[in-house]
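Structural overview
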Amino acid sequence: MPLKAKPKKKAPAVKRPANAAARKAARRFAPDTVSARDEGGSTMKNNVTFRLEKAEDRGAVERLVRESFWNVYKPGCSEHYVIHVLRDDPAFVKELDFVMELDGEIIGQNMFMKTVINADDGRDVPVLTMGPICVAPALKRQGYGKAILDYSLEKAAALGFGAVLFEGNIGFYGKSGFDYARKFGIRYHDLPEGADDSFFLCKELIPGYLDGVTGVYQTPRGYYVSDEDVEEFDKAFPPKVKLKLPGQLFD
Ligand SMILES: CC(C)(COP(=O)(O)OP(=O)(O)OC[C@H]1O[C@@H](n2cnc3c(N)ncnc32)[C@H](O)[C@@H]1OP(=O)(O)O)[C@@H](O)C(=O)NCCC(=O)NCCS
């Protein structure tokens, strides 16, 4: 069943803007982080390490994701449930499911899923999509996000994956070599012609991988979760106040 035919109550995960206004807004980033940027560039500490997520990290990672995304794109968030679901998805790449530690404490995570570009010539071109990616709220805008992003992209390239496409802010991802997917001839699924597609980004991990490819990128179905399921899952976490804040993409 194509994504657009999914039942109405299945809302896309937060990072998948559902309408033109939201897509435009997707170019902005976490509003709580923008003003906190240090003037002097990265203040990241040296004792940062990266490793694969272990089964016993899952709870801590979901709590971290919830804290990091909470009230950023909508009142509350769904990414902690999304990551919970994606780990069991056949498209999940467990070799690229990373956490970042500072002094032994998990302060960031990133993960990847396999998907395809439905090429105009009939091929399905395998690519990766990425996220959720996050950093602990208190450590945002200090270089940690870029550090885990670059580390995980390097590992994805080493595994032989050809390209990564997803929705994000060029202000952050552009620093790690992402560009607008349209420049590679790739279109976002279900986006009307002429609509703002600047949220849709791409990076080749194998130079030239997308040469001669035009087509439509597909968001893996695992990212689509229902509000009801998120609400139910969230009950297992400490209560947290949902706030409607300026800059959020969804109600
Ligand atoms: C998004 C997130 C992972 C970025 O990590 P971070 O540690 O805050 O970002 P960094 O400090 O590593 O920033 C790296 C570069 O991107 C830029 N950047 C970061 N956030 C940005 C923003 N909101 N707008 C524009 N540029 C931004 C920085 O200027 C920096 O470049 P510089 O060092 O040359 O100045 C982090 O803020 C986060 O966890 N946010 C909440 C969850 C989220 O939104 N995840 C992404 C969903 S698509």
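Our subject in this report is the structure included herewith. This one's a predicted model, so the numbers in the text were calculated from it and none came from an experiment.

Focus on the nonpolar core
Ranked by internal contacts, the top residues of the largest apolar core, which has 53 residues, are Leu-128, Val-164, Leu-165, Ala-181, Ile-186, Leu-201 and Cys-202. Here this core takes five residues from helix 5 (residues 144-158), the largest share from any one element. When near neighbours in sequence (up to four residues on either side) are disregarded, Leu-128 contacts Phe-112, Met-113, Lys-114, Ala-156, Phe-161 and Val-164.

Brief notes about helix 4 (residues 79-86)
Residues lying three or four places apart along an α-helix face the same way, a consequence of the helix completing one turn every 3.6 residues. Counting buried residues along helix 4, six of its eight residues qualify, which places the element largely inside the surrounding structure. Turning to helix 4, its buried residues number three or more, namely Glu-79, His-80, Tyr-81, Val-82, Ile-83 and Leu-86. The secondary structure elements touched by the buried residues of helix 4 are helix 3 (58-69), strand 5 (112-119), strand 13 (224-226) and helix 7 (227-234).

Some remarks on the environment of Arg-221
Along the chain, Arg-221 falls in the loop between strand 12 (215-217) and strand 13. It is 9.4 Å that separates the C-alpha atoms of Arg-221 and Thr-115, two residues lying 106 residues apart in sequence.

Parameters at a glance
- Residues numbered from 1 in each chain as written.
- Predicted model: local features only at pLDDT ≥ 70, side-chain atom pairs only at ≥ 80, totals over all residues.
- Core = buried A, V, L, I, M, F, W, Y, C linked by C-beta atoms within 7 Å.
- Buried ≥ 20, exposed ≤ 12 C-beta atoms within 10 Å, placed from the backbone.
- Helix = DSSP H or I, 4+ residues; strand = E, 2+ residues; numbered from the N terminus.
- Contact = placed C-beta atoms within 7 Å.

These figures capture arrangement, not role.
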